[in-house]
Amino acid sequence: MTLRILDRSAIVATPEWSRWLIPPAALSIHLAIGSAYAWSVFKNAISQPDALGLSGTVTAIPFQLAIVMLGLSAAIFGTRVEKNGPRWAMAVSLVFFVSGLLLSALGMALGQFWLVIFGYGFVGGIGLGIGYISPVSTLMKWFPDRPGMATGIAIMGFGGGALIASPLTSQLMVNFGGFTDGSIAKTFLTLGIGYAVFMALGVVLIRVPAEGWTPAGWTPPASSAMVSTHNVSAANAVKTPQFWLLWVVLCFNVTAGIGILERGSGIYQDFFPDATSPESLAAAAAGFVAFLSLTNMIGRFVWSSVSDVVGRKNIYRMYLGVGALLYLYIALFTNTNKILFMVSALLILSFYGAGFATVPAYLKDLFGTYQVGAIHGRLLTAWSVAGVLGPLIVNAIADAGEPGTTGRYLPAFYVMIGLLAVGFLANEAIKPVASKYHESDHTGSAATTGAKA
């Protein structure tokens, strides 16, 4: 039984509550858990001789486990998140995510890496999954007029969390004495305390709209073939072809994005090995990776907001169709024009990030808002699969080729084109959900009277 203060009934908004406080509440969670993408800073530090001196393969385990647990916990606990409400979910995410950091601090202090794997990967990964889906359905109920924009803001935070966490983590280690067990332990501890405070702001701010509420001056648009006015439960959603078609769309869009993101530095150095020194080449490659991360973050907000205007099916036509053409350009013209290569790669990464941000609104269009968070959680298993599939394809093919050449990547790029084409066809096959899966009308009452728009 949940504590009364965390229950959904305790956070129904009063008439004067502004819905514009909800995106900051969601951001406080997503920026914190998005710091998981800064694991490479810890990975590099733990590999140093003055720390544990472990191999790159071993030090990758906590992050890999965290991403697996993200998908699994989102799928398993999605229905519970919908039932208990966003404050409960954010509080649970805080407890698990912060506990993972604190266990990691203990593991480094004791020189026991298995505690880091268990803490950061397993315990913290549960916090990632619950936190990732915690604000999704609430945002769409507060912003029925702009669901793509609303979810884009929050999920942009997840993509941008590493931009803050990477320099912060590095600076903390320097301040605590460098790459040693003790300094890494103190960094984990400091981040755990800091993120606990930051995430608590979201727990305090979050509200759900009162039954019957709509934004001032907004009237629901005329019915559309691809925007349902009915609701589908999570249990029924997974029985529909639409769910599994969208699963394929998300999985292959993510796989294609990771194709560049996961090996961005190596791709740049092999495509443009014309720097004056190895150091300057490495610096240029690092700048390329930073730009990839930035467009990944910005694309989550920009393209998902555009989807509110052009529709979700059309925007995925762009992600998948234009993405395939951009990959084809890179494969055919390789490094003949650095500017066009950069533009193509950055657009592909913007579509990768936007795919994450737009999919909750696509689910809302197809299945309604009733249990959209739980449905989203189940769909995130596509991310878990893509997180393994993308790097596996690119690394296996590239490592088998001749080092230092562009040709070693071309077969992988053609595979990505094929996957995007399959995703495009899956998107084209998505039709409105059959009425036999619809819930009775009373299940969809979502939101609220009288809060300020």
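Remember, it's a predicted structure, so these values are computed and weren't measured experimentally.

Cut-offs and rules
Residues numbered from 1 in each chain as written. Predicted model: local features only at pLDDT ≥ 70, side-chain atom pairs only at ≥ 80, totals over all residues. Heavy atoms only, no water. Helix = DSSP H or I, 4+ residues; strand = E, 2+ residues; numbered from the N terminus. Rg over C-alpha atoms; globule rule 2.2 N^0.38 Å. Buried < 20%, exposed > 50% of the residue type's maximum accessible area, 1.4 Å probe, protein only. Contact = heavy atoms within 4.5 Å. Areas by Shrake-Rupley, 256 points an atom, 1.4 Å probe, with all protein chains shown as cover. Lys, Arg positive; Asp, Glu negative; His and termini not counted. Charge placed at Lys NZ, Arg CZ, Asp CG, Glu CD. Axes fitted to C-alpha atoms, helices over the stretch in contact; angles between N-to-C directions. Parallel < 35°, antiparallel > 145°, perpendicular 65-115°, else oblique. Left-handed = near helix turned anticlockwise from the far one by under 90°. Core = buried A, V, L, I, M, F, W, Y, C linked by side-chain atoms within 4.5 Å. Nonpolar A, V, L, I, M, F, W, Y, C, P; charged D, E, K, R; others polar. Polar contact = N/O pair within 3.5 Å; in protein donor to acceptor, adjacent residues only side chain to side chain. pLDDT = per-residue confidence, 0-100. Patch = residues over 30% accessible without salt bridge, like charges linked within 9 Å, V, L, I, M, F, W, Y side chains within 5 Å. Salt bridge = Lys/Arg side-chain N within 4 Å of Asp/Glu carboxyl O. Expected span 1.5 Å × (residues − 1). Phe/Tyr/Trp six-rings, centres within 6.5 Å; stacked < 30°, edge-to-face > 60°. Lys NZ or Arg CZ within 6 Å of the ring centre and 35° of its normal.

Peer 1: Before we move on, can you summarise the overall build of the chain with the specific residues and values?
Peer 2: Along the backbone of the chain there are 18 helices and zero strands. By the compact-globule yardstick of 22 Å for 453 residues, the chain fits well, its C-alpha radius of gyration being 22 Å. The principal-axis extents of the C-alpha atoms in the chain amount to approximately 65 × 50 × 35 Å. Here the chain holds 453 residues, and the buried ones make up 54% of them. Across the chain, every contact between residues at least 6 apart in sequence was considered, and the portion connecting residues at least 24 apart equals 84%. Total accessible area on the chain is roughly 17,500 Å²; 69% of this is exposed by carbon and sulfur atoms. Taking the average location of the 24 positive side-chain charges in the chain and that of its 18 negative ones, the two points are 9 Å from each other.

Peer 1: Hey, could you go over the packing of helix 14 (residues 312–333) against helix 18 (residues 410–428) for me, with residue numbers and the actual values?
Peer 2: Between helix 14 and helix 18, whose axes approach to 9 Å, the crossing angle comes to 160°. Relative to helix 18, the element helix 14 is oriented roughly antiparallel. The two elements helix 14 and helix 18 cross, and the hand of that crossing is left-handed. For the pair helix 14 and helix 18, contact is made by K313, Y316, R317, L320, G321, G323, A324, Y327, L328, I330, A331 and L332 and by L410, F413, Y414, M416, I417, L420, G423, F424, N427 and E428, respectively.

Peer 1: Which residues make up the nonpolar core, and what values go with them?
Peer 2: Buried together is how nonpolar side chains tend to be arranged in soluble globular proteins. By size, the foremost hydrophobic cluster in this structure holds 139 residues, and its most contacted members are Y132, I184, F188, L246, Y327, F367 and F413. Among residues more than four places away in sequence, those in contact with F367 are H230, N231, V232, A237, T240, Q242, F243, I375 and V433.

Peer 1: Explain the side chain of S344 residue by residue, including any values.
Peer 2: Secondary-structure assignment places S344 in helix 15 (residues 338–367). We classify S344 as buried; its relative accessible area is 5%. Excluding residues within four positions of it along the chain, S344 makes contact with L326, Y329 and I330.

Peer 1: Quick rundown of the packing of helix 11 (residues 241–261) against helix 14? Include the residues and the values.
Peer 2: Put simply, helix 11 and helix 14 touch, their axes get as near as 11 Å, and they point 35° apart. The crossing of helix 11 and helix 14 is left-handed. Judged by residue contacts, V249, N253, A256, G259 and I260 of helix 11 engage Y316, Y319, L320, Y327 and I330 from helix 14. Residue classes in the contact of helix 11 with helix 14 are distributed as eight nonpolar, two polar and no charged.

Peer 1: An account of unusual backbone geometry is requested, with residue identities and associated values reported.
Peer 2: The backbone of T334 sits at a positive phi, close to 40°, despite the residue not being glycine. Turning to its location among the elements, T334 is positioned in the loop between helix 14 and helix 15.

Peer 1: Provide a residue-level description of the side chain of D270, including the pertinent values.
Peer 2: In this fold, D270 is placed in helix 12 (residues 264–271). A polar side-chain atom of D270 sits 2.7 Å from a polar atom in the side chain of Y409. Those residues in contact with D270 that sit more than four places away from it in its chain are G404, T405, T406, R408 and Y409.

Peer 1: Talk me through the confidence of the model for the chain; I want residue IDs and the actual numbers.
Peer 2: Mean pLDDT over the chain stands at 87; residues scoring 70 or higher make up 93%. The low-confidence segment residues 444–453, where pLDDT is below 50, has 42 contacts with residues more than four positions distant or belonging to other chains.

Peer 1: Would you mind going over a nonpolar patch on the surface in detail, with residue names and values included?
Peer 2: On the surface, L163, I164, F291, L294, I298, F301 and V302 cluster together to form a nonpolar patch covering roughly 560 Å² of accessible area. For the nonpolar patch, the leading source of residues is helix 13 (residues 278–310), giving five residues. By secondary structure assignment, the location of L163 is in helix 8 (residues 147–175).

Peer 1: Describe helix 14, listing the residues and the values that go with them.
Peer 2: Between its first and last C-alpha, helix 14 extends 31 Å over 22 residues, near the 32 Å set by a 1.5 Å rise per residue. Looking at the residues trailing helix 14, positive phi occurs at T334, about 40°.

Peer 1: So, the pattern of salt bridges: which residues are in play, and what are the values?
Peer 2: By the definition in use, this model includes seven salt bridges. One salt bridge connects D145 with R146, and the closest N-O pair in it is separated by 3.6 Å. A salt bridge links D365 to R312; its shortest N-O distance comes to 2.9 Å. Of this pair, D365 sits in helix 15 while R312 sits in helix 14; the two residues are 53 residues apart in sequence, bridging distant segments of the chain. Residues participating in the shared-partner salt-bridge network are D308, R312, K364 and D365.

Peer 1: Pulling in residues and values, what's your account of the packing of aromatic side chains?
Peer 2: With the rule as written, the count across this model stands at 30 aromatic pairs. Each ring, one from W39 and one from F42, has its centre 5.7 Å from the other, and the planes form 35°; the classification is tilted. Here W39 pairs with F42, and both are found in helix 2 (residues 39–46), just three residues apart, close to one helical turn. Neither residue differs from the other here; W39 and F42 are each classed as buried. It is R207 that lies over the ring of W17; its NZ or CZ is 4.1 Å from the centre.

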